[in-house]
Amino acid sequence: MRNNPAEIAAKVAEKFRRSAAIAAQEGILPYKSAEGKWITSPYDGNSWWTGGFWPGLMWQLYAQTKDEQFKTEALRAEGLLTAEFRAFRYLNHDVGFMYLLSCGAHDKLIGDEQAALDTLHAANLLMGRYSPVGYIRAWNEKHKMGYAIIDCMMNLSLLFRASRMTEDPRFEKVARLHADMTMREFIRENGSVAHIVEFDPETGARVGEVAGQGYALGSSWSRGQAWGLYGFTLAYMNTKDARYLETAQRIAAYFIAHIREDGLTDSDFCQPAGEMRIDNMAGAIAACGLIELEKLTGCAAYREAAERMLDGMIDHCCDFSENILGILTHCTASYHDDGAGRHNNITYGDYFFTEALAKLSGTDPMLWI
Ligand code: GLY
């Protein structure tokens, strides 16, 4: 890698000391940053699916530096998230993202009985979304009752964790059923993945693919490819089921073939040629998955691809100035809807960028397992 990951990680930690102090002073959960300020989530308050990435980032930085400021800030954010259990209305399958990186990380890194119970509570909420006809329901809107989405592969880690915590196999069983369904129904012949597949909620019959946050129906939203890549890698790490590793490798081959010359990641791998729509969050998530794949298979090409993407982000899209409070720019939440951010700095971009640097410099506490 051209850049030194440990040096960049140290700069990241330095910047977040000030940015975390600002978030704490304002009492908010940061979602994105612009013009030197934090901006909170665009929808659903602290129940918005991204809420766990801020405490997750703080735990990553705590593992890296042992600086108590990061731990204190992670715990403050966790309090905001556990308050959402009571509100409940907006929680969905993304309780995996939200509570694994907050309560789950808390319990994993420093041990805490209440955090462990809250992690199990979240796992039970996710279990409650499993339909016996064969899928975990993603979202809450009535007309989306039959929707399952590729992103859920990341949330399954919460179920695998819950089975290990309780020795109750039900959680892992549901995670495996959903992962097997995803292998069958989402993965295309060329290794790309669908974002949303709709099922008949009564029978489980496949209704069809639905256009999601990518360019068009049937296209390849890059963040969806990244969720699939890292999600199946984690499913393999949790189960040692070779079919999950093989699936992660198929998605990885497709992803690597689409990395841009400059190391950045298009928002959709089928977007019109010449269209400048970047999503560095996809690149950062995929980099995490690829680094783990290299460790699992010994294939250097995975790590080289991850490093090429990280070098691209560091050279072109890292802003260490006070213009923004986070670091990674050119994060795009959705191809056609700019409401949640287009070419912005968004916290989960910084989370996965930091996790990838931590993997390369040996400080990653592996919060997903
Ligand atoms: N999990 C939703 C997204 O990636 O935007």
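To start, this report covers the structure provided alongside it. (Residues numbered from 1 in each chain as written. Predicted model: local features only at pLDDT ≥ 70, side-chain atom pairs only at ≥ 80, totals over all residues. Heavy atoms only, no water.)

### Quick notes on the overall build of the chain
Then, in step 1: In terms of regular secondary structure, the chain is built from 12 helices and eight strands.
Then, in step 2: Expected size for 369 residues packed as a compact globule is a radius of gyration near 21 Å; at 19 Å, the chain falls within 12% of this value.
Then, in step 3: Taken along its principal axes, the extent of the C-alpha atoms in the chain is 55 × 50 × 40 Å.
Then, in step 4: Out of the 369 residues in the chain, the part that is buried amounts to 61%.
Then, in step 5: Pairs at least 24 apart in sequence give 69% of the contacts found in the chain among residues at least 6 apart.
Then, in step 6: As presented, the chain carries roughly 13,700 Å² of accessible surface, and 50% of it is formed by carbon and sulfur atoms. (Helix = DSSP H or I, 4+ residues; strand = E, 2+ residues; numbered from the N terminus. Rg over C-alpha atoms; globule rule 2.2 N^0.38 Å. Buried < 20%, exposed > 50% of the residue type's maximum accessible area, 1.4 Å probe, protein only. Contact = heavy atoms within 4.5 Å. Areas by Shrake-Rupley, 256 points an atom, 1.4 Å probe, with all protein chains shown as cover.)

### Side note on the sheet that holds strand 7 (residues 206-210)
Then, in step 1: Spatial ordering of the open sheet is given by 5-6-7, a layout of three strands whose pairing is antiparallel. The two strands at the open ends of the sheet, each matched to only one other strand, are strand 5 (147-149) and strand 7. On average, each strand axis in the sheet is inclined to that of its neighbour by 25°, with strand direction left out of account.
Then, in step 2: Note: strand 5 against strand 6 (residues 196-199), three bridges, orientation antiparallel. Considered in strand 6, the bridge of Ala148 is made with Val197.
Then, in step 3: Contacting strand 5, strand 6 and strand 7, helix 7 (residues 169-186) crosses the sheet at an angle of about 105° to strand 6. (Pairing = 2+ DSSP bridges. Axes fitted to C-alpha atoms, helices over the stretch in contact; angles between N-to-C directions.)

### Some thoughts on the site of the ligand
Then, in step 1: Within the structure, the ligand sits among Trp49, Asp151, Gln213, Trp221, Arg223, Trp227 and Tyr348.
Then, in step 2: In the model, an oxygen atom of the ligand is placed 2.8 Å from a nitrogen or oxygen of the Gln213 side chain.
Then, in step 3: Side-chain polar atom of Arg223 to an oxygen atom of the ligand: 2.5 Å apart, as the coordinates give it.
Then, in step 4: Split into classes, the residues belonging to the shell around the ligand amount to four nonpolar, one polar and two charged. (Near = heavy atom within 4 Å. Polar contact = N/O pair within 3.5 Å; in protein donor to acceptor, adjacent residues only side chain to side chain. Nonpolar A, V, L, I, M, F, W, Y, C, P; charged D, E, K, R; others polar.)

### Side note on the environment of Lys240
Then, in step 1: Locating Lys240 in the fold gives a position in the loop between helix 8 (222-239) and helix 9 (242-257).
Then, in step 2: On the basis of relative accessibility, which here comes to 55%, the residue Lys240 falls in the exposed class.
Then, in step 3: Sequence separation of Lys240 and Gly134 is 106 residues, and the distance between their C-alpha atoms is 22 Å.

### Focus on the pairing of strand 6
Then, in step 1: One ladder, built from four bridges, connects strand 6 with strand 7; its direction is antiparallel. Counterpart to Glu198 in the pairing with strand 7 is Gly208.
Then, in step 2: A loop of six residues connects strand 6 with strand 7, the two strands running antiparallel in sequence, and Gly204 in this loop sits at a positive phi of about 85°.

### Here's the deal with the packing of helix 1 (residues 5-26) against helix 12 (residues 347-361)
Then, in step 1: Here helix 1 crosses helix 12 at 140°, and the two axes come no closer than 9 Å. Between helix 1 and helix 12, the angle falls in the class oblique. Considering only the axes of helix 1 and helix 12, their crossing is left-handed. Every residue of helix 12 that contacts helix 1 at Pro5, Ala6, Ile8, Ala9, Val12 and Phe16 is listed here: Asp350, Phe353, Thr354, Leu357, Leu360 and Ser361.
Then, in step 2: For the contact of helix 1 with helix 12, the class distribution of residues is nine nonpolar, two polar and one charged. (Parallel < 35°, antiparallel > 145°, perpendicular 65-115°, else oblique. Left-handed = near helix turned anticlockwise from the far one by under 90°.)

### Quick word on the packing of aromatic side chains
Then, in step 1: Scanning the model with the defined rule gives 26 aromatic pairs in all.
Then, in step 2: Residues Phe85 and Tyr99 carry aromatic rings whose centres are separated by 4.3 Å and whose planes lie at 20° to one another, so their mutual orientation is stacked. Taken together, the residues span a long stretch of sequence, with Phe85 in helix 3 (residues 68-87) and Tyr99 in helix 4 (residues 95-110) at a distance of 14 residues. Side by side, Phe85 and Tyr99 carry an identical accessibility label, which is buried.
Then, in step 3: Counting every residue linked through ring pairs, the aromatic cluster contains Trp49, Phe53, Phe97, Trp227, Tyr230, Tyr348, Tyr351, Phe352 and Trp368.
Then, in step 4: Positioned above the aromatic ring of Phe320 is the side chain of Lys11, whose terminal nitrogen or guanidinium carbon lies 4.3 Å from the ring centre. (Phe/Tyr/Trp six-rings, centres within 6.5 Å; stacked < 30°, edge-to-face > 60°. Lys NZ or Arg CZ within 6 Å of the ring centre and 35° of its normal.)

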